[in-house]
Amino acid sequence: ADLSRPDLCIVGAGALGIALAQHGRRLGASVVLVDRGAPEPGDGVQRALRLASLQASAARAHAMRNAGALGLPSIEPKISVKAVQERARQMADLRAPLDSHERLAALGIEIVTGTSRFVDAASLQVGEAKIRAKAFVLALGETPIVPAVVGLDRVNFFTPDTILENTRKLTHLLVIGGEATGLVLAQVFLRLGSQVTLVPQGSLLAGHDDESANILLHAIEQEGLVVVREGAVRALQARTQGIGALVDLPGGDELALDVSHVLVAAGGFVDLAGLDAEAARLQSRRGATAILAEGELGQTRNRRVRAAGIGAGFGQWQHAISHGFALVEDLVLGAPRRRPGAEPLLVMTDPPLAQIGRPAGLVDRLRPGFSLYRASLGENEAALALGLAQGLVKVTGDARGRIVGASAVGPGAAEMASFLALAKEHGLGLGALAHISAPHPALMASLVELGKVFQAEQKVSALAGKVARLRRLLPF
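Just so it is clear, the structure is predicted and the values come from calculations on it, not from any experiment.

### Considerations on the overall build of the protein chain
So, point 1. A count of helical and extended segments in the protein chain gives twelve helices and 22 strands.
So, point 2. For the protein chain, whose C-alpha radius of gyration is 25 Å, the value lies close to the compact-globule estimate of 23 Å for 476 residues.
So, point 3. When the backbone C-alpha atoms are referred to their principal axes, the protein chain occupies close to 90 × 60 × 45 Å.
So, point 4. Per-residue burial for the protein chain yields a buried fraction of 48% across its 476 residues.
So, point 5. Summarising the internal contacts of the protein chain: among those between residues at least 6 apart in sequence, 64% fall at separations of at least 24.
So, point 6. Accessible surface, the protein chain as shown: approximately 23,100 Å² in total, 53% of it carbon and sulfur.
So, point 7. Positive and negative side-chain charges in the protein chain, numbering 49 and 45 respectively, have mean positions lying 7 Å apart.

This is the structure we're talking about:
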């Protein structure tokens, strides 16, 4: 069957694809959503909610163990991973009807399910149906990168998706990878009672401000996470009980580990193997599995096809959804209502780490006229009351006080970075931070203090100085 030509064909029915399809319908476009028959890797529907539920359970267990810091008796919780996972599944089930095919169809979105491949530059075959859309948007999932480790293919390792289905306590979990997702999952299972060792297999939290990243790592290491910095797993060996791991250390030394399970969280890529990229005249910028987009709004070498999410180089949700909405608006309205802004880069551990723009800690590379402002969360009254007084906020401003970049680690870091990103996008300077209306005490008070420091450094104008001197001469 040759379907009528929709305005948009969204390929990939993961969380991103569903969101973009609904946005297209809200704008009045006719939309076909292609469900490729299996969950989009790294972008499964309700996946984020399940992970957030696991984090909430893990955080409560951690709070019970450390209640003594708040004047309460500390208790070692009796954890059933099965019960924790069941609660996460129930949370996802509550949300599921909102993303069901039935509800999407009721919104006017046509859903086609089946194996999908391009037959030419303008046609997509889905099962027995052929779709010839005005525009295709690839909202594909992130296929995990499997590092070249000897013996890994003989071990039943977890990925960030499959570990969310695990219902057994993991005695000793080895996490391979130094990106945000691996660190988040390492902390979750550490708090749920597992011994956890993380080997970054290269750089750890690359692209983040070094000082802020080290504060985060120190905080999680204090909880008991073992981080083999600059280490790389060279070989794994399956045994009758457990798994043996050999880790190369800096300087040529070697570390031998006995672990029970392995999680590979080394990032991912968009995989076009099943879609027949050659027929669609698609080509990535760096090899067959890298970034497809060549333009700001997901344009590829095929003018009918746009790339969103990981295919456009956006692995984090806040970046992918902002870019995806602008992309859809460009296709439907002729121009985006808002260009993708300075969405923060997030590591949603506890404490979280957030960053916008360039790393704020590169003081030695600041351009003339740029200044760095810092506030310690150790002095924040709300953080002190919560027993979480560690971390900092750093903001770089230019000569006119405009926000260039920022980094925050500690309680409230994600929310503060989101506020700073909005301020940066709308041209609000550092001085505006002093006027944030915040309750007392509040974590946001750290931004207020940064604004006050900036204002205190500003020189008083000659006219204002003269007025002040004249006022001092008046007898009243």
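### Details of the pattern of salt bridges
So, point 1. For the structure on display, the rule yields 25 salt bridges.
So, point 2. Among the salt bridges present, the one from Arg65 reaches Glu76, with a minimum N-O distance of 3.0 Å. Placement of Arg65 in helix 2 (residues 47-65) and of Glu76 in the loop between helix 2 and helix 3 (81-95) is noted, with a sequence separation of eleven residues between them.
So, point 3. On the basis of relative accessible area, Arg65 is assigned to the partly exposed category, the value being 23%.

### So, the pairing of strand 22 (residues 403-409)
So, point 1. In terms of burial, strand 22 is largely enclosed, as seven of its seven residues are buried.
So, point 2. Here strand 21 (residues 392-397) runs beside strand 22; their pairing, made up of six bridges, is antiparallel. The residue bridging Leu392 from the neighbouring strand is Val409, located in strand 22.
So, point 3. Turn length for the strand 21-strand 22 hairpin, with the two strands adjacent in sequence and antiparallel, is five residues, and the turn residue Gly401 shows positive phi of about 85°.

### Looking at the environment of Leu33
So, point 1. Mapped onto the fold, Leu33 is located in strand 2 (residues 31-35).
So, point 2. Considering only alpha carbons, one finds Leu33 and Ala342, 309 residues apart in sequence, at a separation of 29 Å.
So, point 3. Excluding its chain neighbours within four sequence positions, the residues that come into contact with Leu33 are Ile10, Gly12, Ala13, Gly17, Ile18, Ala21, Leu104, Ile109, Glu110, Ile111 and Val112.

### Side note on the sheet that holds strand 14 (residues 254-259)
So, point 1. Read across the open sheet, the three strands follow the order 12-13-14; overall the sheet is antiparallel. Unpaired on one side and paired on the other, strand 12 (232-238) and strand 14 mark the two borders of the sheet. Here the strands of the sheet are splayed against their neighbours by 20° on average, with no regard to which way each runs.

### Topic: the packing of aromatic side chains
So, point 1. This model, assessed by the stated rule, comprises two aromatic pairs.
So, point 2. Considering the side-chain rings of Phe118 and Phe136, the 5.4 Å spacing of their centres and the 75° angle between planes classify their relative orientation as edge-to-face. Of this pair, Phe118 sits in strand 4 (residues 116-120) while Phe136 sits in strand 7 (residues 135-138), placing them 18 residues apart in sequence.
So, point 3. Ring centres of Tyr373 and Phe454 lie 5.9 Å apart, and the angle between their planes is 75°; this geometry places the pair in the edge-to-face category. Here Tyr373, found in strand 20 (residues 371-376), pairs with Phe454, found in helix 11 (residues 445-457); they are 81 residues apart in sequence, far enough to count as distant. The pair formed by Tyr373 and Phe454 is uniform in burial state, with each residue classed as buried.

Rules used throughout
Residues numbered from 1 in each chain as written. Predicted model: local features only at pLDDT ≥ 70, side-chain atom pairs only at ≥ 80, totals over all residues. Heavy atoms only, no water. Helix = DSSP H or I, 4+ residues; strand = E, 2+ residues; numbered from the N terminus. Rg over C-alpha atoms; globule rule 2.2 N^0.38 Å. Buried < 20%, exposed > 50% of the residue type's maximum accessible area, 1.4 Å probe, protein only. Contact = heavy atoms within 4.5 Å. Areas by Shrake-Rupley, 256 points an atom, 1.4 Å probe, with all protein chains shown as cover. Lys, Arg positive; Asp, Glu negative; His and termini not counted. Charge placed at Lys NZ, Arg CZ, Asp CG, Glu CD. Salt bridge = Lys/Arg side-chain N within 4 Å of Asp/Glu carboxyl O. Pairing = 2+ DSSP bridges. Axes fitted to C-alpha atoms, helices over the stretch in contact; angles between N-to-C directions. Phe/Tyr/Trp six-rings, centres within 6.5 Å; stacked < 30°, edge-to-face > 60°.

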